[in-house]
Amino acid sequence: MAFPKNFLWGGATAANQCEGAYLEDGKGLSVPDMLLGGDVNTPRTFCPTITEGVFYPSHDAIDMYHRYKEDVALFAEMGFTCYRFSINWSRIFPNGDDAQPNEAGLKFYDNLIDECKKHGIEPLITLCHYEIPFEIVKKYHGFYNRKTIDLFIKYVTTCFNRWKDKVKYWLTFNEINMTIMAKSIGNLYGVGIIQDEDLNRDAPCKFNELKDVLQERIQALHNEFVASARAVIEGHKINPDFMIGNMICHVTKYPLTPNPKDMLETQRIDHLFNDLCGDVQVRGAYPYFAKKLYQDMGIDTAFMDNEEDKKILREGTVDFYTFSYYMSNCVTVDENAVAINDSMIGGAKNPYLKASDWGWQIDPDGLRWTLNKLASRYPDTPLMVVENGFGAFDKVEDDGAIHDDYRISYFREHIRALGEAVNDGVNLIGYTTWGPIDLVSAGTGQYAKRYGFIYVNRHDDGTGDFSRSRKDSFFWYKKVIASNGEDLD
Ligand code: BGP
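This text gives an overview of the structure that appears in the document. (Residues numbered from 1 in each chain as written. Predicted model: local features only at pLDDT ≥ 70, side-chain atom pairs only at ≥ 80, totals over all residues. Heavy atoms only, no water.)

## A few points about the pairing of strand 6 (residues 169-173)
Next up, step 1: Buried residues dominate strand 6, accounting for 5 of its 5 residues.
Next up, step 2: The sheet contact formed by strand 5 (residues 122-128) and strand 6 spans 4 bridges and is parallel. By the bridge assignment, C128 is partnered in strand 6 with F173.
Next up, step 3: Two strands pair when backbone bridges link them, and strand 6 and strand 8 (residues 243-249) are joined in this way by 3 bridges, in the parallel orientation. Bridging across to strand 8, L171 finds its partner in G245. (Buried < 20%, exposed > 50% of the residue type's maximum accessible area, 1.4 Å probe, protein only. Helix = DSSP H or I, 4+ residues; strand = E, 2+ residues; numbered from the N terminus. Pairing = 2+ DSSP bridges.)

This is the structure in structure tokens:
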């Protein structure tokens with residue numbers, strides 16, 4: 001198995017899921033700060049205002065804001081050559097539309113970037129990982145308002161200029177297609193739309209009960225495409241060597257049966273959920289199927305005909321394609337098929353696959369298949385897997401050890417699949433696992449859904465001293481990196 005010599009190995013996190021310090025050094029509120037935790041059967045709760053004494057997981061998260069030196073040192077000990085993290089927009093522009101950036105927020109990321117460089121770790125920065133400043137959501141309804149495009153460009157050019165000589169790899173929006181795939185996450189996390197009636201509620205409400213207007217969500221997604229393309233154009237003016245990528249949540253789709261109707265429906269869902277966003281961002285135009293697909297859903301597609309936007313999309317194509325891969329699921333027209341117990345992703349159960357305790361089906365061969373699909377769809381574009389991981393309950397033994405063999409076996413099979421795809425000829429430049437350190441789950445807000453090679457002593461009831469310890473998988477991943485993916489035992 002031959003991974004390329006300079007293959008990037010590492011892990012990925014998001015600011016809101018690990019930093020904490022939610023109001024420190026001038027930071028403003030961002031969307032996740034307004035959410036309570038849930039679990040696999042209970043959606044998260046949205047609170048229009050913060051209530052004292054209530055536990056909001058993002059407010060302290062895993063306190064990385066104060067512990068980043070220890071954490072980056074642990075990443076370095078595993079041999080990371082790349083660390084993907086996000087900048088929390090509301091640290092830089094606390095209200096989204098401030099005239100000047102917040103110097104203390106910039107300084108925090110100066111320090112984090114320098115710490116990575118000190119250890120020979122290449123930073124890969126996500127500019128917007130479900131972290132729109134809450135003020136933008138309140139004032140402008142997020143990306144539904146085109147003014148937010150300008151606010152985003154001001155924010156990203158501030159980052160590009162500040163770190164133009166230190167950071168080469170950037171991603172514009174995390175999982176941009178989540179806007180179409182998952183109503184609640186797509187609406188609030190993704191494009192930051194919340195209706196006035198929900199903002200003015202007296203009481204908190206379940207995340208999935210927020211009012212959703214599909215037309216607005218799809219138009220806001222279009223505005224994000226324009227924002228992303230403009231970011232690529234501006235970024236390349238600031239440093240032509242920047243590698244600026246997109247990021248897609250690729251949930252791979254299989255027809256549940258050989259019924260041709262299942263095959264057709266699978267193609268439709270794949271086009272809508274997986275292909276549309278990638279095509280716009282890599283090829284610079286909406287794909288041939290987009291208009292009809294949207295119109296069949298009752299969407300007025302007039303926004304697709306804006307000539308100025310078309311030009312921007314054409315000029316702002318990404319330098320590499322990145323995606324998250326956790327699972328696959330099945331598609332069928334049979335309404336009685338057994339559904340996956342995951343309100344966000346949905347789909348039908350695959351009888352050949354096992355699933356995590358959160359219902360996410362484990363499918364390493366699907367990763368190889370997906371990499372090959374993407375390589376043939378975008379033959380001139382390097383690929384990178386920037387999230388892949390296994391959320392599980394961990395048990396701490398009396399001696400403090402954590403024997404997470406289930407996690408090791410998940411990664412072993414997925415890294416094997418990566419190697420097979422490389423051998424197939426796929427141009428894969430790197431791999432960052434999701435959550436190299438335990439952090440707050442985006443979907444459920446839980447700590448108990450643990451992904452890390454590093455355990456964090458923090459729990460869903462708000463107890464725990466944030467101390468870090470190495471799980472068995474820590475030593476295993478270290479060996480994998482040291483052998484450039486050869487030694488998976
Ligand atoms: C992706 C997000 C991440 C991360 C991951 C795992 O969708 O980009 O932010 O959280 O999924 O999901 P969860 O945290 O819900 O287990």
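## Re the packing of helix 15 (residues 364-377) against helix 16 (residues 405-424)
Next up, step 1: Close contact between helix 15 and helix 16 brings their axes to 8 Å; oriented N to C, the two are set at 30°. Taken together, the axes of helix 15 and helix 16 are roughly parallel relative to one another. Our pair here, helix 15 against helix 16, has a crossing hand that is right-handed. For the pair formed by helix 15 and helix 16, the contact residues are P364, L367, R368, L371 and N372 on the first element and E413, H414, A417, L418, E420, A421 and D424 on the second. (Axes fitted to C-alpha atoms, helices over the stretch in contact; angles between N-to-C directions. Parallel < 35°, antiparallel > 145°, perpendicular 65-115°, else oblique. Left-handed = near helix turned anticlockwise from the far one by under 90°. Contact = heavy atoms within 4.5 Å.)

## Quick look at the sheet that holds strand 7 (residues 205-206)
Next up, step 1: Pairing within the open sheet is antiparallel, and its 3 strands lie in the order 2-3-7. Unpaired on one side and paired on the other, strand 2 (35-36) and strand 7 mark the two borders of the sheet.
Next up, step 2: Pairing of strand 3 (residues 45-46) with strand 7, which is carried by 2 bridges, proceeds in the antiparallel orientation. Residue pairing across strands places F46 opposite C205, the latter belonging to strand 7.

## A word on the sheet that holds strand 1 (residues 8-12)
Next up, step 1: Taken together, 8 strands build a closed barrel; the order of strands is 1-4-5-6-8-10-12-13 and the barrel is parallel. With direction set aside, neighbouring strand axes in the sheet form an average angle of 25°.
Next up, step 2: Sheet topology note: the strand 1/strand 4 (residues 82-86) ladder contains 3 bridges and is parallel. Within strand 4, the position partnered with A12 by the bridge is R84.
Next up, step 3: Of the strands in this sheet, strand 6, strand 8 and strand 10 (320-324) touch helix 12 (residues 260-283), which is tilted by about 170° from strand 8.
Next up, step 4: Running at roughly 170° to strand 13 (residues 428-434), helix 16 makes contact with strand 1, strand 12 (383-387) and strand 13 of the sheet.

## Quick word on the side chain of N102
Next up, step 1: Tracing the backbone shows N102 in the loop between helix 4 (89-92) and helix 5 (103-118).
Next up, step 2: Of the residues examined, N102 reaches a relative accessible area of 17% and is grouped as buried.
Next up, step 3: In this view, N102 contacts D25, G26, K27, R91, I92 and P94; residues no more than four positions away in its chain are not counted.

## Some thoughts on the packing of helix 3 (residues 64-78) against helix 5
Next up, step 1: For the pair helix 3 and helix 5, the least separation of the axes is 10 Å and the interaxial angle reads 5°. Judged by the inter-axis angle, helix 3 sits roughly parallel to helix 5. Only F108, N111, L112, E115 and C116 of helix 5 make contact with helix 3, whose side of the interface consists of Y65, Y68, K69 and V72.
Next up, step 2: A class-by-class count of the residues in the contact of helix 3 with helix 5 yields 6 nonpolar, 1 polar and 2 charged. (Nonpolar A, V, L, I, M, F, W, Y, C, P; charged D, E, K, R; others polar.)

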